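Report on the structure
These are the residues of each chain, in order.
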Amino acid sequence: MVGSKKSAVSLLAATMVLGGLLAACSSKKDNTPAASSTSPGASKSSAAPTAAPEGPKKISFLLVNPTVPDFNSVSQTKDNVYVKQLQKLTGYELSYEFLPGGEETNKQLAVRFASGDLPDVIRTDGISAPVNAGAVDQGAFTDLTPLLDKYAPNLKKAIPDAVWKSPLVSKNGKIYGIPSMWPNPDTRLIYYRKDWMKEAGMNEPTTNDEWLKFFEWVKNNKKDAVGFAYREQMSYSELFFGSFGVHPTMWVMKDGQFVPSMITPGMKDAVKFWKDMYDKGYVNKNMFTNKAADWDNMISTGKAGAWLHDAANYSGWAKKVAGDENNTSVIGLAAAPKGPGGDFLRGKKSGIYYVSVIPSKVKNPEMILKYFDMAYTNQQLQDFFHFGIEGTNYKKTDGKVSFDGLDKAYAKLPSNESQIFTLLLNPRGVGYEDKEVLALSPVGSVIADGFAKASKSAGKDESLDLPAFDIIKEKPELAASAATGTLFADMFAKAITGKESVDQAFDSFVAEWKKRGGDSMIKIATDWHKSFYGN
């Protein structure tokens, strides 16, 4: 199975041309929204819904699929046993086009949008993504607001209100997208050598100081190993920031202004903590150049006492480190440590995997909403999205699911085949992380516990829906990020390696960030916060 969020399918590359094409195909009025719901291509009216005659239940989808290479053509899709089973269970005639990703996807989409030959459902990163600029205002997507409660009440209730209000889904109080969700939005937590912890006579750490004590033990007892494995650009490495109430990417309300936490005093304290870890040898000296493959090798070969990753990857790490994906004695999973300023790793995520939009040309969106709603009410469908085809991929006896004795058992399938029904055909989102699937895994309880700890380790993040700043396109160094080239990353490296004192590096960074455009970003962010949150 795909383990991490980064391995999930993304439509970003596939929709790069959408914004421009919508503008080109519009009435060419500069940034003027559609004048009325009767205009060509306008959104469905927000008046009380009146369903069109339903007719044949057919839905065509345009998705993206780089995960199952042999499942791209229309003929392969039509003849696929999983598609046939889904049609049997739903009573819908379903057709799928899976674009392969990359430049070819852009070319194919350009032709489709220019010709107006669009399917009934298009998968997108979200209605507010830069690639969809102008789509809603130009009436490209159906307004689902008056339809959801009547035709998809179970779908509406199953997804949190905050998600429906997300800019990826709604605009000006109207809903234009159907979110598909990660069942566990927050999965990042601390992996650690449980066997080493036992050898050291320690319990699982819960505070900064307890982790430092473990790191000191690793340094003194495990040759060539470090306490914490750090990866370049702070990827899977943002430990000990939430302990001080900050995170490089988060914005916070402070003294009546919405500011990036990277310029607050708590960040200086966090940098000093990291400087101390670096000086004491608790982190790898090549931390700023350590590539993903080298970082992975460090951990796999026993050169790290702890690292960050996602709970769903437990089996993969157990196989690398312990040689057995079901061994639970070598690796432990821990929640964020408590420090002087907090006890989180990073901000809470929305949980949105992708968003489905229905083009405004579609005559009967009600029928499509009923299909999405069915995925939340029909038990046979839910079993399908979790386990595949009964009798082929799984057995069900007295309500209990098992894979015993089946050559095509779900548990034995290549991950890319199991993703056909758990991911690609699943309108709910990501099926393989659901509790029903975890319950059948030998390490499912460990992963489920990891998800719980990861959720606890996610802090409130009021900048989750903060729109992108236009100035970042011209001055990417101002981004609230640890990516190479940002002012923050430059400051962090100078301070940690001792090229400048922490006070000098940090104070100069804050002043430079504000001078280059940060002050104007704070004003924009503060105005947005007041508008979005009402305070």
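My aim in this report is to walk through the structure given alongside it, one point at a time. Everything quoted here is computed from the prediction, not taken from an experiment.

Following the criterion strictly, the structure yields 46 aromatic pairs and no others. For the ring pair Tyr-191 and Trp-307, a centre distance of 5.7 Å and an interplane angle of 20 degrees mean the geometry is stacked. Residue Tyr-191 is located in strand 7 (residues 188–193), and its partner Trp-307 is located in strand 11 (residues 304–310); the two are separated by 116 residues in the primary sequence. For the residue pair Tyr-191 and Trp-307, the accessibility class agrees, reading buried in each case.

When the charged atoms of two side chains with opposite charge come close together, those side chains can pair. Using the criterion set out here, one finds 25 salt bridges in the structure. As a salt-bridge pair, Arg-188 and Glu-238 come within 3.1 Å of each other at their nearest N and O atoms. Taken together, the positions of Arg-188 in strand 7 and Glu-238 in the loop between strand 8 (226–228) and strand 9 (251–254) put the pair 50 residues apart, joining distant regions of the chain. No difference in accessibility class separates Arg-188 from Glu-238, as the two residues are buried. Of the charged contacts, one joins Glu-477 and Arg-516 as a salt bridge, the two residues approaching to 3.2 Å between their closest N and O atoms. Linking Glu-477 in the loop between helix 18 (471–474) and helix 19 (487–497) with Arg-516 in helix 20 (residues 502–533), this pair joins segments that are 39 residues apart in sequence. Look at Glu-477 and you get buried, because its relative accessible area is 16%.

Spatially, 2-1-3-14-6 is the arrangement adopted by the five strands of the open sheet, whose pairing is mixed. Two strands lie at the open edges of the sheet, namely strand 2 (93–99) and strand 6 (178–181), each paired on one side alone. For this sheet the average axis-to-axis angle between neighbouring strands, irrespective of direction, equals 25 degrees. As judged from the four bridges shared by strand 6 and strand 14 (residues 352–357), these two strands associate in the antiparallel manner. Its bridge partner lying in strand 14, Ile-178 is registered against Ser-356.

Attention shifts here to the packing of helix 19 against helix 20. The N-to-C vectors of helix 19 and helix 20 enclose an angle of 170 degrees; their axes lie 9 Å apart at closest approach. One element, helix 19, and the other, helix 20, form an angle in the roughly antiparallel class. The segment helix 19 lies against helix 20, with Leu-487, Phe-488, Met-491 and Ala-495 engaging Val-502, Ala-505, Phe-506, Phe-509, Glu-512, Trp-513 and Arg-516.

Here the focus is the pairing of strand 9. Alignment of strand 9 against strand 10 (residues 257–260), held across four bridges, turns out to be antiparallel. Paired with Lys-254 across the two strands is Gln-257, which belongs to strand 10.

A few words now on the packing of helix 3 (residues 81–90) against helix 14 (residues 379–387). In contact at an axis separation of 10 Å, helix 3 and helix 14 are set at 165 degrees when each is read in the N-to-C sense. Comparing the axis directions of helix 3 and helix 14 gives the class roughly antiparallel. Once helix 3 is placed against helix 14, the crossing between them reads as left-handed. Residues Tyr-82, Gln-85, Leu-86, Leu-89 and Thr-90 of helix 3 form the contact with helix 14, whose own contacting residues are Gln-380, Leu-381, Phe-384 and Phe-385. Its residues placed into classes, the contact of helix 3 with helix 14 shows six nonpolar, three polar and no charged.

We now examine the environment of Ser-356. Checked against the element boundaries, Ser-356 lands in strand 14. The sequence separation of Ser-356 and Ile-122 amounts to 234 residues, and the corresponding C-alpha distance is 5.6 Å. Ignoring sequence-local partners within four residues, the contact set of Ser-356 consists of Val-121, Ile-122, Tyr-176, Gly-177, Ile-178 and Phe-372.

Rules used in this analysis
Residues numbered from 1 in each chain as written. Predicted model: local features only at pLDDT ≥ 70, side-chain atom pairs only at ≥ 80, totals over all residues. Heavy atoms only, no water. Phe/Tyr/Trp six-rings, centres within 6.5 Å; stacked < 30°, edge-to-face > 60°. Helix = DSSP H or I, 4+ residues; strand = E, 2+ residues; numbered from the N terminus. Buried < 20%, exposed > 50% of the residue type's maximum accessible area, 1.4 Å probe, protein only. Salt bridge = Lys/Arg side-chain N within 4 Å of Asp/Glu carboxyl O. Pairing = 2+ DSSP bridges. Axes fitted to C-alpha atoms, helices over the stretch in contact; angles between N-to-C directions. Parallel < 35°, antiparallel > 145°, perpendicular 65-115°, else oblique. Contact = heavy atoms within 4.5 Å. Left-handed = near helix turned anticlockwise from the far one by under 90°. Nonpolar A, V, L, I, M, F, W, Y, C, P; charged D, E, K, R; others polar.

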